[in-house]
Amino acid sequence: MEASSHDEFREFVEMRSTSLLRLAVLLTGGDRHAAEDLLQIALMKAYGRWGRIEQHEAYVRQVMYRQQVNRWRLRRHRAETTVPVLPDEATGAEAGSDAELRIALWAALGRLTKRQRAVVVLRYFEDLPEAEVAALLGCPVGTVRSSAHRSLAKLRLLVPELGPEGPKERIQSLGYTPKEVQR
């Protein structure tokens, strides 16, 4: 790799690694170590092709999605990561606390199946269209729709504080806006 490409890659990693790590953490269900590994693999693959890639961030994100799907397929019998038990339901002013709601949402995402979590992350955190999610996950669009429907229903049960407007609107109102740091 040429020196200018190397510098460009280093600058990209410095500028985008935080948001890419956030995406990796969401894709791995909150496992920070697995997320760091996932991001590292994606960056290694991008480094080798850096001069030939037109859209660097899109390439790294797609490598992360595909790498995580491959991990799920290869590790079907792996033990699930345990999550802490949610505290008793808060009342009054505490119930509306965005911080507590974020924690509850984070824990609820960890309780979704891997496919459901991937669909929620890609559809509502990354704001990708159903067809693109289907292509990334290697399944039909109908499967994405039904998984999204079931995932949102499960999130409503797990986190009733999300309110009647539903999880997808509440997720964005909590500051989880699609591609929030890219601009």
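Residues numbered from 1 in each chain as written. Predicted model: local features only at pLDDT ≥ 70, side-chain atom pairs only at ≥ 80, totals over all residues. Heavy atoms only, no water.

**Thoughts on the overall build of the protein chain**
And step 1. Within the protein chain one finds 8 helices and 0 strands.
And step 2. In the protein chain, the order of α-helices and β-strands from amino to carboxyl end is α-α-α-α-α-α-α-α.
And step 3. Here the protein chain holds 183 residues, and 41% of them are scored as buried.
And step 4. Within the protein chain, contacts between residues separated by at least 24 positions form 68% of all contacts whose residues are at least 6 apart in sequence.
And step 5. Entry remark: accessible area of the protein chain is about 10,700 Å², with carbon and sulfur atoms responsible for 51%. (Helix = DSSP H or I, 4+ residues; strand = E, 2+ residues; numbered from the N terminus. Buried < 20%, exposed > 50% of the residue type's maximum accessible area, 1.4 Å probe, protein only. Contact = heavy atoms within 4.5 Å. Areas by Shrake-Rupley, 256 points an atom, 1.4 Å probe, with all protein chains shown as cover.)

**A few points about unusual backbone geometry**
And step 1. You will see that aspartate 127, though not glycine, has its phi angle at about 55°, which is positive.
And step 2. On the secondary structure map, aspartate 127 appears in the loop between helix H5 (114–125) and helix H6 (130–137).

**Some words on the packing of aromatic side chains**
Aromatic ring pairs are defined here through the distance separating the ring centres and the angle between the ring planes.
And step 1. Applying the stated criterion across every chain, the model contains 3 aromatic pairs.
And step 2. Judged by centre distance (4.9 Å) and plane angle (70°), the rings of phenylalanine 9 and tyrosine 47 are edge-to-face. Here phenylalanine 9, found in helix H1 (residues 3–27), pairs with tyrosine 47, found in helix H2 (residues 32–49); they are 38 residues apart in sequence, far enough to count as distant.
And step 3. Here tyrosine 47 falls in the partly exposed class, since its relative accessible area comes to 32%.
And step 4. Considering the side-chain rings of phenylalanine 9 and tryptophan 50, the 5.0 Å spacing of their centres and the 85° angle between planes classify their relative orientation as edge-to-face. (Phe/Tyr/Trp six-rings, centres within 6.5 Å; stacked < 30°, edge-to-face > 60°.)

**Overview of the environment of arginine 145**
And step 1. Positionally, arginine 145 belongs in helix H7 (residues 141–158).
And step 2. With relative accessibility at 48%, the residue arginine 145 sits in the partly exposed group.
And step 3. Taking the C-alpha atoms as reference points, arginine 145 and arginine 123, separated by 22 residues in sequence, lie 9.8 Å from one another.

**Details of H6**
And step 1. Every buried residue of H6 is accounted for by Val133, Ala134, Leu136 and Leu137. Along the axis of H6, the buried residues cluster in a sector spanning 165°; they form a single face. Across from the buried face of H6, at angles greater than 90 degrees, the exposed residues are Ala131 and Ala135.
And step 2. Where H6 terminates, the next one or two residues include glycine 138, which has phi positive at roughly 70°. (Arc of directions from axis to C-beta.)

**Examining the environment of valine 25**
And step 1. For valine 25, the location among the structural elements is in helix H1.
And step 2. The exposure class of valine 25 is buried, given its relative accessible area of 9%.
And step 3. Taking the C-alpha atoms as reference points, valine 25 and glutamate 36, 11 residues apart in sequence, are found 7.9 Å from one another.
And step 4. Among residues more than four places away in sequence, those in contact with valine 25 are Gly30, Asp31, Ala35 and Trp106.

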